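# Understanding the architecture of this molecule
Chain residues, written in single-letter form:
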Amino acid sequence: MNKIEAIISQIDNIENLNIVQFDFSGIKLKMMSLDLNENVKVGQKVLLIVKATNILLAKNFEGMISFSNQINGKIDNIENGKLLCSVTIKVKDTYFQSIITQTSANKMNLKKNDEIDIFIKASDLSIEEVINV
């Protein structure tokens, strides 16, 4: 599970639907949530989580995409298996792990130190913990 420390910068809601924005080291992230804990407030530091299988990777990406969260990073490590590939991406001082098929990794010709874009759907990001209540 990927863990990201961020600060809540904005909360927009209609009825029980919430779009929460975060500042992750100067990078804006968004999360979609149906219910929020009462401790979730603007200015609070939180620990966000996202599964490694929910992180999409793109190399040399150009264009528009509906994913709310796009983060640029550099490949730090690649572990190749028979069916799956684990890619570790460094973004500032945080490491993200993405699990993709070995076929996709080969097709993208991924190598250590390649620049890569990470995409995370707003619905795949969630708050694991409010750090300072």
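Residues numbered from 1 in each chain as written. Predicted model: local features only at pLDDT ≥ 70, side-chain atom pairs only at ≥ 80, totals over all residues. Heavy atoms only, no water.

A separate point is the pairing of strand β8 (residues 94-101). When strand β7 (residues 84-91) meets β8, the two strands line up antiparallel, connected through 8 bridges. The residue of β8 that forms the bridge with Val91 is Thr94. (Pairing = 2+ DSSP bridges. Helix = DSSP H or I, 4+ residues; strand = E, 2+ residues; numbered from the N terminus.)

Read from one edge of the open sheet, 5 strands run β5-β9-β6-β7-β8, paired in antiparallel fashion. A strand with exactly one partner marks an edge of an open sheet, and here the two such strands are β5 (56-58) and β8. Sheet twist, expressed as the average angle between the axes of neighbouring strands with direction ignored, equals 45°. Bridge count between strand β6 (residues 69-80) and strand β9 (residues 115-120): 6 bridges; the pairing is antiparallel. Looking at β9, one finds that Gln70 is bridged to Phe119. (Axes fitted to C-alpha atoms, helices over the stretch in contact; angles between N-to-C directions.)

Ordered in space as β3-β2-β1-β4-β10, the 5 strands form an open sheet in which the pairing is antiparallel. If you trace the sheet from one side to the other, it starts and ends with β3 (27-33) and β10 (126-130), each paired once. Strand-to-strand twist of the sheet, defined as the mean angle between neighbouring strand axes without regard to direction, takes the value 45°. One ladder, built from 7 bridges, connects strand β2 (residues 17-24) with β3; its direction is antiparallel. Following the sheet pairing, Val20 is matched in β3 by Met31.

Our next topic: the pairing of β7. Burial analysis of β7 places 6 of its 8 residues in the buried class, which makes it a mostly covered element. Both β6 and β7 contribute to a ladder of 6 bridges, which runs antiparallel. The residue bridging Ile75 from the neighbouring strand is Ile89, located in β7. Where β6 folds back onto β7 in an antiparallel hairpin, the turn is made up of 3 residues. (Buried < 20%, exposed > 50% of the residue type's maximum accessible area, 1.4 Å probe, protein only.)

Soluble, globular proteins show a tendency: their nonpolar side chains are buried together. Within the largest apolar cluster, 31 residues are counted, with the highest numbers of intra-cluster contacts made by Phe22, Leu29, Leu57, Phe96, Leu110 and Ile118. Apart from the residues within four sequence positions on either side, Leu110 is in contact with Leu57, Lys59, Ile75, Ile78, Val87, Ile100, Ala105 and Ile116. (Core = buried A, V, L, I, M, F, W, Y, C linked by side-chain atoms within 4.5 Å. Contact = heavy atoms within 4.5 Å.)

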